[in-house]
Amino acid sequence: MRLALFAISLRRLLAAWLLAMPMAAALGAGLDASLLAPLAGDDTDAKLEAIGKLGQSTQAEAADVLAAMGSDRLYATADGRVLVDTGKGALDPATGQSLTMPADASAVMINNRLRRAIDGALAESRLHAADPAQRLAAAQRLQQTSQASVLPQIVAALDKEKDPQVRAALEIAQANLELKSPDANVRRHAVDILGRSLNTGFIPVLTAMTGRDAQGNYTEADAGVRDAAAAALRAIDRHLAAIEWAGNLFYGISLGSVLLLAALGLAITFGLMGVINMAHGELLMIGAYATFAVQGAFRAWAPAWLDWYVIAALPVAFVVTALVGMALERTVIRWLYGRPLETLLATWGISLILMQLVRSLFGAQNVEVSNPGWMSGGVTVMGGLVLTYNRIVIIVFSLLVLFFVWLLLNHTRLGLFVRAITQNRRMADCVGVPTGRIDMLAFGLGSGIAGLAGVALSQLGNVGPDLGRGYIVDSFMVVVLGGVGQLAGTVIAALGLGGLNKIMEPYAGAVLAKIAILVLIVLFVQKRPQGLFAPRGRSVE
């Protein structure tokens, strides 16, 4: 009986000991005290050796000790212990225990030589950090090192690294060190890595490897390495060409979106009433200044909501420019229907009046309309192309405006009247369509859309009294090329002209590109006067 009781007690003690073992290990987890001891001494070489071993350690405490030493928060006690100042007390990295900083503790002094060693070792140790951002920063720091001794650490980190961005940074660090290897196969491996990275920063290095020195000898002795360097240069050049084309396409779509917003209103007014409105550009300018005014109001009265001033500026700009447009139609343009030359001269004079009015109110200098926080910055694609958020928002916004205009013209009573007047004004008048009121509303709609285009333009650059002049000619070209009053033609013409302009600019320059596009449009209109999409209706006949 006693033997059975003893066996049961023994099993309980054994179970309790096994349960306590992990807890004791957790409490006692820390760095080897013998590894930390040299840091408390005065021997610089011993400290350097200890720093190197800490850098190669995979324990998180090693990085903490190195960071504390580099920021003068590492202390040594009289009995040779090393403690980390946490700001609220001290931490013993050998035991993991927190305690009060002893009175006899003194800061561990470091010199520039030790500081450089700490930086390199800290980068090595953080290759094993749990946070990918820390591992990425460590890999990027090791890209600058020339110490071949860290190469095994980089290779070991690569073997277990899963994050693609960190892996790419580690491969570049590995290649930088392998390029200095006496082994041609190792150098070729490094060149292959650089070629796969598609990093333009390595073009000078790769170019030097394919060149010759002053005596005419190849800088790189091995022919295989030279061929690999040449192949890597070709891969990077192809990548650069792809980025350039993608960038031109993106900026072309962005410009086309702006032209689409600027030309949509003109397509409605010109298609409906045949009015050549030379003041259309100034309506864009009024929309941009309305955005500036809303921004100022938010800064003065609602600074906490400043990031959303653009949303508030959209209805304000639309209403203001629509009212200006309807006022122009009721007071001036309605008396000039069927007289295109007089309409052109009158609206040109109105444009001068509007510009002078803006100069009187806001001054002749450009004003700045800043992007809100959510439209600042951009996203990087293809390793080097930055798609800015403000242009992405403008592209999406122009598509939304296009969608709502399509809904308005095809699924509302106003849109039905507009289409009827566009196709046959006399017949629409005969069946009771109030053509005069529809003219006013359509002109207000076109002007309001121009105001929305002004809001978009204010997010791309400074706003000034001459803002609209740069878009009035392009807007007319879009309307004429797409077909008078044709929404689909306006979209295709705007995006096509924007893309063609940005593709031609790198080769011909901005001015020659515009001239070439104008010549192409003139030739096209000579062959097809009705534009891409011919207008329909009996009035065409």
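Keep in mind that this is a model prediction, so the values were computed, not measured.

1. Focus on the packing of aromatic side chains
Within the structure shown, the criterion is met by 6 aromatic pairs. Here the aromatic rings of Phe292 and Phe362 are separated by 6.0 Å at their centres, their planes lie at 75 degrees, and the arrangement is edge-to-face. Here Phe362 lies in helix α14 (residues 340-362) and Phe292 lies in helix α12 (residues 280-301), a separation of 70 residues in the sequence. Look at Phe292 and you get partly exposed, because its relative accessible area is 23%. Through a chain of ring-to-ring contacts, the aromatic side chains of Tyr289, Phe292 and Phe362 assemble into a single cluster. Its end group placed over the ring of Tyr218, Arg212 keeps NZ or CZ at 4.0 Å from the ring centre. The aromatic ring of Trp335 is capped on one face by Arg334, whose charged end is 4.8 Å from the ring centroid.

2. Some thoughts on the UniProt feature "transmembrane region" (unreviewed entry) in the chain
UniProt annotation of "transmembrane region" (unreviewed entry) refers to residues 249-276, 283-302, 308-328, 340-362, 382-409, 441-460, 472-495 and 507-525 when read in the numbering used here. A distance of 31 Å separates the end C-alpha atoms of residues 308-328, which is 95% helix and 0% strand. Taken as a whole, residues 441-460 contains 90% helix and 0% strand, while its terminal C-alpha atoms sit 29 Å from one another.

3. Section: the pairing of strand β6 (residues 378-381)
Both β6 and strand β7 (residues 385-388) contribute to a ladder of 4 bridges, which runs antiparallel. Paired with Thr380 across the strands is Val386, a residue of β7. Taking the residues that link successive antiparallel strands as the turn, the β6-β7 hairpin has 3 residues, and the phi of Met382 there is positive, at about 60 degrees.

4. Some points on the sheet that holds strand β4 (residues 97-99)
Read from one edge to the other, the open sheet built from 5 strands follows the order β4-β3-β2-β1-β5, with strand pairing classed as antiparallel. Bordering the open sheet on either side are β4 and β5 (106-107), each of which pairs with just one other strand.

5. Observations concerning helix α20 (residues 487-508)
The terminal C-alpha atoms of α20, which comprises 22 residues, lie 31 Å apart, in line with the 32 Å expected from a rise of 1.5 Å per residue. Within the span of α20, buried status applies to Leu487, Gly489, Thr490, Val491, Ala493, Ala494, Leu497, Gly498, Gly499, Asn501 and Met504. One or two positions beyond α20, positive phi appears at Gly509, with a value near 90 degrees.

6. Observations concerning the packing of helix α19 (residues 469-482) against α20
Taken N-terminus to C-terminus, the directions of α19 and α20 make an angle of 125 degrees; their axes are 8 Å apart at the nearest point. Classified by the angle between their axes, α19 and α20 sit oblique to one another. Between α19 and α20 the crossing geometry is right-handed. For the pair α19 and α20, the contacting residues are Met477, Val478, Leu481 and Gly482 in the first and Gly489, Thr490, Ala493, Ala494 and Leu497 in the second. Its residues assigned to classes, the contact of α19 with α20 comprises 6 nonpolar, 3 polar and no charged.

Rules of the game
Residues numbered from 1 in each chain as written. Predicted model: local features only at pLDDT ≥ 70, side-chain atom pairs only at ≥ 80, totals over all residues. Heavy atoms only, no water. Phe/Tyr/Trp six-rings, centres within 6.5 Å; stacked < 30°, edge-to-face > 60°. Helix = DSSP H or I, 4+ residues; strand = E, 2+ residues; numbered from the N terminus. Buried < 20%, exposed > 50% of the residue type's maximum accessible area, 1.4 Å probe, protein only. Lys NZ or Arg CZ within 6 Å of the ring centre and 35° of its normal. UniProt positions renumbered as here; feature names shortened; annotations may be inferred. Pairing = 2+ DSSP bridges. Expected span 1.5 Å × (residues − 1). Axes fitted to C-alpha atoms, helices over the stretch in contact; angles between N-to-C directions. Parallel < 35°, antiparallel > 145°, perpendicular 65-115°, else oblique. Left-handed = near helix turned anticlockwise from the far one by under 90°. Contact = heavy atoms within 4.5 Å. Nonpolar A, V, L, I, M, F, W, Y, C, P; charged D, E, K, R; others polar.

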